[in-house]
Protein chains: 2
Amino acid sequence: MQDEPLNLAFALEHAARFHGHVEIVTRQVDDGKIHRYTYADSLRRTKKLANALRKLDVQVGDRIATMAWNTFRHFEAWYAIAGQGAICHTVNPRLFEQQIEFIINHAEDSILFLDAQFVPMLEQLQEKLPSIKHYIVLTDEAHMPTTTLPKTVAYETLIQDEPDEFDWPTFPEETPSSLCYTSGTTGNPKGVIYTHRSNFLHSYAINCKDVIGLAATDTVLKVVPMFHANSWGFAYACPMVGSKLVLPGSQLDGESLYELLDEEQVTISAAVPTVWNMLLAHLSDSDRQLPYLQEVFVGGSAVPRRVVESFDNEYEVTVVHAWGMTEMSPIGTICRLKPFMKQFDYQRQVDIRLKQGTPVFGVAMKIVDDDGNELPRDGLAVGRLLVKGPWIVKRYYKEPDNAVDDGSWFDTGDIATIDEYGYMQITDRAKDLIKSGGEWISSVDLENAAMGHPQVALAAVIGKFHPKWEERPLLVVKPIDNSTVSASELFDYLTDKVAKWWLPDDIAFVDDIPLTATGKISKVQLREQFHDYELPEARVSS
Amino acid sequence: MQDEPLNLAFALEHAARFHGHVEIVTRQVDDGKIHRYTYADSLRRTKKLANALRKLDVQVGDRIATMAWNTFRHFEAWYAIAGQGAICHTVNPRLFEQQIEFIINHAEDSILFLDAQFVPMLEQLQEKLPSIKHYIVLTDEAHMPTTTLPKTVAYETLIQDEPDEFDWPTFPEETPSSLCYTSGTTGNPKGVIYTHRSNFLHSYAINCKDVIGLAATDTVLKVVPMFHANSWGFAYACPMVGSKLVLPGSQLDGESLYELLDEEQVTISAAVPTVWNMLLAHLSDSDRQLPYLQEVFVGGSAVPRRVVESFDNEYEVTVVHAWGMTEMSPIGTICRLKPFMKQFDYQRQVDIRLKQGTPVFGVAMKIVDDDGNELPRDGLAVGRLLVKGPWIVKRYYKEPDNAVDDGSWFDTGDIATIDEYGYMQITDRAKDLIKSGGEWISSVDLENAAMGHPQVALAAVIGKFHPKWEERPLLVVKPIDNSTVSASELFDYLTDKVAKWWLPDDIAFVDDIPLTATGKISKVQLREQFHDYELPEARVSS
């Protein structure tokens, strides 16, 4: 068999050659206007950029950062960087400035591509970023901001005189292609290095019909940002099969997304639950429908039941739950019903669809007890979730030690069950379990139960000291606007939904619940916020 | 990223673990009875066989032959052999005995798995097969034939006392997994070695939604034999995603296949056109429908238009045309319509669906002129079809020279066009073109045109000497039973379907047209048969 190493540039080459007329549509961040061109155009411009980067002395293995929304220029940068063997380091602009400073210095990025709106932030930071030699603003001369950043050039100016021919060099397929830091709820962010090989395999795996299953007949609105968890692999998966690609730029509000979904006749989209909540609110307010959309993929955090039901019943759109981690490229499981489950009643089907799902082929998965013994796949046994596979991290960037055990298993930090049909369900983050009198209470289950109440916008559970039980749950609730819900009403509501001894010892109502940079509930900040809070029982005894 | 080498045994391990209750259904060759068990059962028995093979001193790289129909035991043998690093050499029992002798000796197979029906043939051959140390008959003691073959054991006896635990060894993923000889219309058959890596990538690629796209919701009737062209990759693709697998044994007639399609509620199937012709005839005779079947994949030779139309209009089943070669693992292209083509009228859609299609991601493809210059993708330029990719042959087994050029391109021996949307259409085998007065006539186009006549069962075109034009086409026709069609009627029929100068110089009616072992028209034998035939013009001049 032929043994030419896999290179991600093949994906764009393939699209340009065999799906060359298919469009990439972008809502530009400069002015909100729609830009459209084809995969064939994209490849030509990507090669111009590849030539420009070579002139800037980019070498195999160099780290080149991007801090940008989903646009055609950002897409070109991914391919021009990785295609020549450099490493595309996608920096999440929503991180705190100290984190951004840390990861750029840790990665020693030599060039930073950035959207114009991030120029002020970088002007603040740039003295602390000695490795960066060039700033490339993803815009044209007309939209170029004046800036105090040194060695700054507009993207269009950089590439305009370059030739549109470029021979992708040959290098081993284990060569790193990209780098993404986990937002890290504790300690410094850690870097995950993806390779051409791992991205190739992951892209194939997610394009299997049973996983994401993109096709040339699809128009894909890629809401999931290109700076988030390898962009769920969509930046490779779309050109691989010639899907039309719609990039929403920075406008992720319900109305802007609806406009793209409708005007571009989008069939598939992917985003975190927050985005879908905003879209549903907009649709409901404006009394609009989604005649083209078929499937939306949701990941990043558990999907609320009402999102699934609302899409099903009001819009005839299927919500598919996916689970993964930055460390897993990121997709590990997908939740689709097996044939015999189609006969179950609707609520039972939704119960299953809210699980994390079955592993994508290539991902091995098991749950273990504290001694590392594998637990049965019976839907009852609860254990630490371990994974392995060719697109799962082995060692964090620049770390001396492997992140996997001797058997190559990576500990996800999640606590889960696996049932007899292979469906995995996360019951908690290991560090978020609440230990009450020697027994575990799942904060996730309790949160999900509370989220089921129509007047609860967001719910979070943390453990607090209890003189008798050691730790007991405190439920923190952000009610919806103009809510009238009371603590006693919520207690009543929860009574038949969780075990009696799981009922929270107290409920605190707040205006807002802190989120991490990637939109998840920040238990770290929440614990900080409730640091001095005492449960009623604790108050009595203290 | 983790770097454990890919091993095909992962596919069966994955199926057993996460789709363990899904069935493999076999029509047994012993007695025609249905056997059913699950992927979990299959893995246990495969491991018993793996232990048995180890006891027979099988080493990494050893060639182990199979000569067998599609059954659960054959399936187990594939995984037990390749999973421990040996090479599963699938021998096509339809080959001529001399070819079987040649390839077994060429491969130096040490063990032969065979169905009981092939025992007599092997008794004839065995003295000429010195490398074979053990014959394993794929049956149980009750169905074991008496035989003069030395060292022969029934499969069930071999594995019965073995443990069902086996740790798949680790070896580089470039290790060969399987071997398949091309039937070779000229010269000796040539061996194509597949590797764990190439099969892994090919399986992912064909499970993409736009290619074959198998899913856990599918029941797959794998008609394409496991001894034919790597079984089109289905033996790996099904367990990868947990499809229910139906194996038809040796009974490939219309009624037997219909029974399985109906009783097992098959959704997807794959076979050569001959099989579908037989099924359509059976359905029509017996007035039956196909309520469960959704898609049938057809490859191996061009699909007749009436097969596509009949499935569409009478049975609501979509025929999807795939193209490939044993040298390509085998799938290279798939023919599915792009979104804008759905607006075309039905006949124009069928015109496109009869093309070979667009390349599967991973396969690069171009057409070149006689000097190797790439020709435009405009649907008009006709050139030699070259391919490359990670599941395409580099060098035939034990051959000293590469089968590819310096740029890693493999010459398919086909003549093709590629249109602006990437659809490739084979116009001829290079060696089957007819050169008439310096211009090429496509025998394939002429055959397809003749096949469109309702009374033509099979048509073949060969070039014959012509005193003026050097070569002119002779059309050989096998009419349907009780046909009344005449040569002049066929000439009239063809007049508005091909260029005037393409019209055959003569039409010969025959009872049968010789086929190769894999069911394709054997132009070699046909030329032999018409060796002494002279065209009318040649007769006059001679």
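Calculation rules
Residues numbered from 1 in each chain as written. Chains lettered and ligands numbered in written order. Predicted model: local features only at pLDDT ≥ 70, side-chain atom pairs only at ≥ 80, totals over all residues. Heavy atoms only, no water. Helix = DSSP H or I, 4+ residues; strand = E, 2+ residues; numbered from the N terminus. Rg over C-alpha atoms; globule rule 2.2 N^0.38 Å. Buried < 20%, exposed > 50% of the residue type's maximum accessible area, 1.4 Å probe, protein only. Contact = heavy atoms within 4.5 Å. Areas by Shrake-Rupley, 256 points an atom, 1.4 Å probe, with all protein chains shown as cover. Pairing = 2+ DSSP bridges. Axes fitted to C-alpha atoms, helices over the stretch in contact; angles between N-to-C directions. Domains from an automatic or database assignment. Salt bridge = Lys/Arg side-chain N within 4 Å of Asp/Glu carboxyl O. Buried area = accessible area lost by both parts, 1.4 Å probe. Nonpolar A, V, L, I, M, F, W, Y, C, P; charged D, E, K, R; others polar. Arc of directions from axis to C-beta. Polar contact = N/O pair within 3.5 Å; in protein donor to acceptor, adjacent residues only side chain to side chain. 1 Å grid on protein atoms, 1.4 Å probe; cavity = no way out; pocket = protein on both sides within 12 Å on 5 of 7 lines; lining within 4 Å. Points joined across faces, edges and corners; volume = space filled by probe spheres on them. pLDDT = per-residue confidence, 0-100.

A. Layout of the overall build of chain A. Helix and strand counts for chain A come out as 16 helices and 25 strands. Since a compact globule built from 542 residues should have a radius of gyration of about 24 Å, the 24 Å found for chain A is in line with a globular shape. Overall, chain A is about 75 × 55 × 50 Å in size when its C-alpha atoms are taken along their principal axes. Each of the 542 residues in chain A was classed as buried or not, and the buried ones make up 61%. Summarising the internal contacts of chain A: among those between residues at least 6 apart in sequence, 67% fall at separations of at least 24. Accessible surface, chain A: about 20,900 Å² in total, of which carbon and sulfur atoms supply 47%.

B. Spotlight on the sheet that holds strand 17 (residues 364–368) of chain B. Residue and element names in this part refer to chain B. Strand order in the open sheet formed by four strands is 17-18-19-20, with antiparallel pairing between adjacent strands. Looking at the sheet topology across the chains shown, the edges are occupied by strand 17 and strand 20 (424–429). When the angles between neighbouring strand axes are averaged without regard to direction, this sheet yields 45°. As defined by bridge partners, strand 19 (residues 410–418) adjoins strand 20 across five bridges and the pair is classed as antiparallel. The residue of strand 20 that forms the bridge with Ile-418 is Met-424.

C. The domain arrangement of chain A, seen in detail. What the domain assignment reports for chain A is domain 1 (9–20 + 36–195) and domain 2 (433–541). Each of domain 1 of chain A and domain 2 of chain A has a C-alpha centre, and the two are 42 Å apart.

D. Molecular detail of the pattern of salt bridges. Scanning the model with the defined rule gives 57 salt bridges over all chains in all. Asp3(A) is the salt-bridge partner of Lys394(B), the closest N and O atoms lying 3.1 Å from each other. Residue Lys394(B) is found in the loop between strand 18 (383–388) and strand 19, and its partner Asp3(A) is found in the segment before helix 1 (9–18); the two belong to separate chains. Glu264(A) is the partner of Lys244(A) in a salt bridge, and the nearest nitrogen-oxygen pair spans 2.9 Å. Here Glu264(A) lies in the loop between helix 9 (254–263) and strand 12 (268–271) and Lys244(A) lies in strand 11 (residues 244–247), a separation of 20 residues in the sequence. A relative accessible area of 6% places Glu264(A) in the buried class. The network of salt bridges with common partners includes Asp30(A), Arg45(A), Arg73(A), Glu76(A) and Glu156(A).

E. Spatial organisation of the interface of chain A and chain B. Listed by partner, the interface residues are 64 residues for chain A and 64 residues for chain B. Sorting the residues of chain A by area buried against chain B places Met1(A), Gln2(A) and Phe361(A) first, and these three jointly supply 20% of that buried surface. The tally of links from chain A across to chain B stands at eight salt bridges. For Arg197(A), the salt bridge identified is with Glu173(B), shortest N-O distance 2.3 Å. Looking at the side of chain A that touches chain B, the elements that each hand over two or more residues are helix 1, strand 9 (191–195), helix 7 (196–207), helix 8 (234–241), strand 17 (364–368) and strand 18 (383–388) of chain A. A per-element tally of the side of chain A that touches chain B places helix 7 of chain A first, with seven residues. Along the lines of polarity and charge, the residues of the side of chain A that touches chain B split into 34 nonpolar, 14 polar and 16 charged.

F. Here's a closer look at the sheet that holds strand 25 (residues 506–509) of chain B. Residues and elements named next belong to chain B. In spatial order, the strands read 23-24-25; together these three strands make up an open sheet with mixed pairing. Lying at the two open borders of the sheet, with one neighbouring strand each, are strand 23 (456–466) and strand 25. Sheet twist, expressed as the mean angle between neighbouring strand axes with direction ignored, is 25°. Pairing of strand 23 with strand 24 (residues 470–479), which is carried by ten bridges, proceeds in the antiparallel orientation. Paired with Ala-459 across the bridge in strand 24 is Val-477. Lying over the sheet, helix 13 (residues 443–451) contacts strand 23 and strand 24, oriented at roughly 145° with respect to strand 23.

G. Inspection of helix 12 (residues 346–353) of chain A at higher detail. All names here are of chain A. Along helix 12, the residues classified as buried are Gln-349, Val-350, Ile-352 and Arg-353. End-on view of helix 12: buried residues confined to an arc of 160°, all on one side of the axis. For helix 12, the elements touching its buried residues are helix 11 (305–315), strand 14 (318–324) and strand 15 (331–335). The opening residue of helix 12 is Asp-345, an N-cap whose side-chain oxygen sits 3.2 Å from the backbone nitrogen of Gln-347.

H. Expanded view of empty space enclosed by the protein. For the coordinates displayed, the defined rule picks out eight cavities of 30 Å³ or more. Residues of the lining of the largest cavity, tallied by class, amount to three nonpolar, three polar and three charged. Space inside the second largest cavity adds up to approximately 50 Å³. Looking at side-chain class alone, the lining of the second largest cavity contains three nonpolar, three polar and three charged residues.

I. How the structure looks around the confidence of the model for chain A. Summing up the model confidence of chain A, the mean pLDDT is 93 and the portion of residues at 70 or higher is 98%. Two summary scores accompany this predicted model of the complex, namely pTM at 0.87 and ipTM at 0.85.

J. Highlighting unusual backbone geometry. Cis peptide bonds are those with omega within 30 degrees of zero, and the linkage from Ser329(A) to Pro330(A) qualifies with 5°. Mapped onto the elements of the fold, Pro330(A) is located in the loop between strand 14 and strand 15. Located in the positive-phi region is Lys398(B), a residue other than glycine, with phi close to 65°. Counting through the fold element by element, Lys398(B) comes out in the loop between strand 18 and strand 19.

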